Amino acid sequence: MEAFIEQVNVSTKVNEDRRKFILELKEEDIRAIKEEKLKPKETRHLIEKAFRDGTIKTTSTAIDKIMPPMSRLSGGRAEKKQGII
């Protein structure tokens, strides 16, 4: 929101411009689905829920459900999860 607030000026239509700003952020997050090789359907659901609730649970299995298949033994899983968060 700070980035949006920095854009506000006297000609800003706050409600309309805020909505556009949030939709742009959402689309940016959705583009990251492909880059991180996440499960699209599950990731979109998680993003929708995060925007609706205003938060994302990082201690539940929500992030694990969207991650691509990875061996828990090969290492790198924790780093990948942190990067997604």
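Criteria and cut-off values
- Residues numbered from 1 in each chain as written.
- Predicted model: local features only at pLDDT ≥ 70, side-chain atom pairs only at ≥ 80, totals over all residues.
- Heavy atoms only, no water.
- Axes fitted to C-alpha atoms, helices over the stretch in contact; angles between N-to-C directions.
- Helix = DSSP H or I, 4+ residues; strand = E, 2+ residues; numbered from the N terminus.
- Parallel < 35°, antiparallel > 145°, perpendicular 65-115°, else oblique.
- Left-handed = near helix turned anticlockwise from the far one by under 90°.
- Contact = heavy atoms within 4.5 Å.
- Nonpolar A, V, L, I, M, F, W, Y, C, P; charged D, E, K, R; others polar.
- Buried < 20%, exposed > 50% of the residue type's maximum accessible area, 1.4 Å probe, protein only.
- pLDDT = per-residue confidence, 0-100.
- Polar contact = N/O pair within 3.5 Å; in protein donor to acceptor, adjacent residues only side chain to side chain.
- Core = buried A, V, L, I, M, F, W, Y, C linked by side-chain atoms within 4.5 Å.
- Expected span 1.5 Å × (residues − 1).
- Arc of directions from axis to C-beta.

Caption draft 1: Spatial organisation of the packing of helix H2 (residues 14–36) against helix H3 (residues 40–53). Axis separation between H2 and H3 bottoms out at 10 Å; the angle between their running directions is 155 degrees. Here H3 runs roughly antiparallel to H2, going by the angle between their axes. The crossing of H2 and H3 is right-handed. Between H2, through Ile22, Leu25, Lys26, Asp29, Ile30 and Ile33, and H3, the contact on the second element is made entirely by Pro40, Thr43, Arg44, Ile47, Glu48 and Phe51. Looking at side-chain class alone, the contact of H2 with H3 contains seven nonpolar, one polar and four charged residues.

Caption draft 2: Just unusual backbone geometry, in detail. Notably, Lys37 is not glycine yet its phi reads approximately 60 degrees, a positive angle. Summarising the element assignment, Lys37 is placed in the loop between H2 and H3. Classification of Lys37 by relative accessible area gives exposed; the value is 64%.

Caption draft 3: Expanded view of the confidence of the model for the protein. Looking at the protein, the pLDDT average stands at 81 and 87% of residues meet or exceed 70. Looking at the elements of the protein, mean pLDDT is at its lowest for helix H1 (residues 2–7), recorded as 66, and at its highest for helix H4 (residues 62–66), recorded as 89.

Caption draft 4: Region of the structure containing the environment of Ala50. Relative to the elements of secondary structure, Ala50 occurs in helix H3. Excluding its chain neighbours within four sequence positions, the residues that come into contact with Ala50 are Thr55 and Ile56.

Caption draft 5: Summary view of the environment of Asp53. Considering the arrangement of structural elements, one finds Asp53 in helix H3. A polar contact is formed between the side chain of Asp53 and the side chain of Arg52, at a distance of 3.0 Å.

Caption draft 6: Geometry of the nonpolar core. Among the nonpolar cores identified, the biggest contains 10 residues, and these are Ile30, Ile33, Leu38, Leu46, Ile47, Ala62, Ile63, Ile66, Met67 and Ile84. The element contributing the most residues to this core is H4, with three residues. Look past the residues within four positions of Ile63 in its chain and what remains in contact with it is Leu46, Ile56, Lys57, Lys81, Ile84 and Ile85.

Caption draft 7: Inspection of H3 at higher detail. Between its first and last C-alpha atoms H3 spans 20 Å; for 14 residues at 1.5 Å apiece the expected length is 20 Å, and the two agree. If you check which residues of H3 are buried, you get Thr43, Leu46, Ile47 and Ala50. The arc enclosing the buried residues of H3, seen along the axis, measures out at 100 degrees, which places them on a common side. Along H3, exposed side chains directed more than 90 degrees from the buried face belong to Lys41, His45 and Arg52. Taken together, the buried residues of H3 touch H2 and H4. Of the residues one or two after H3, Gly54 is the one with positive phi, at around 80 degrees.

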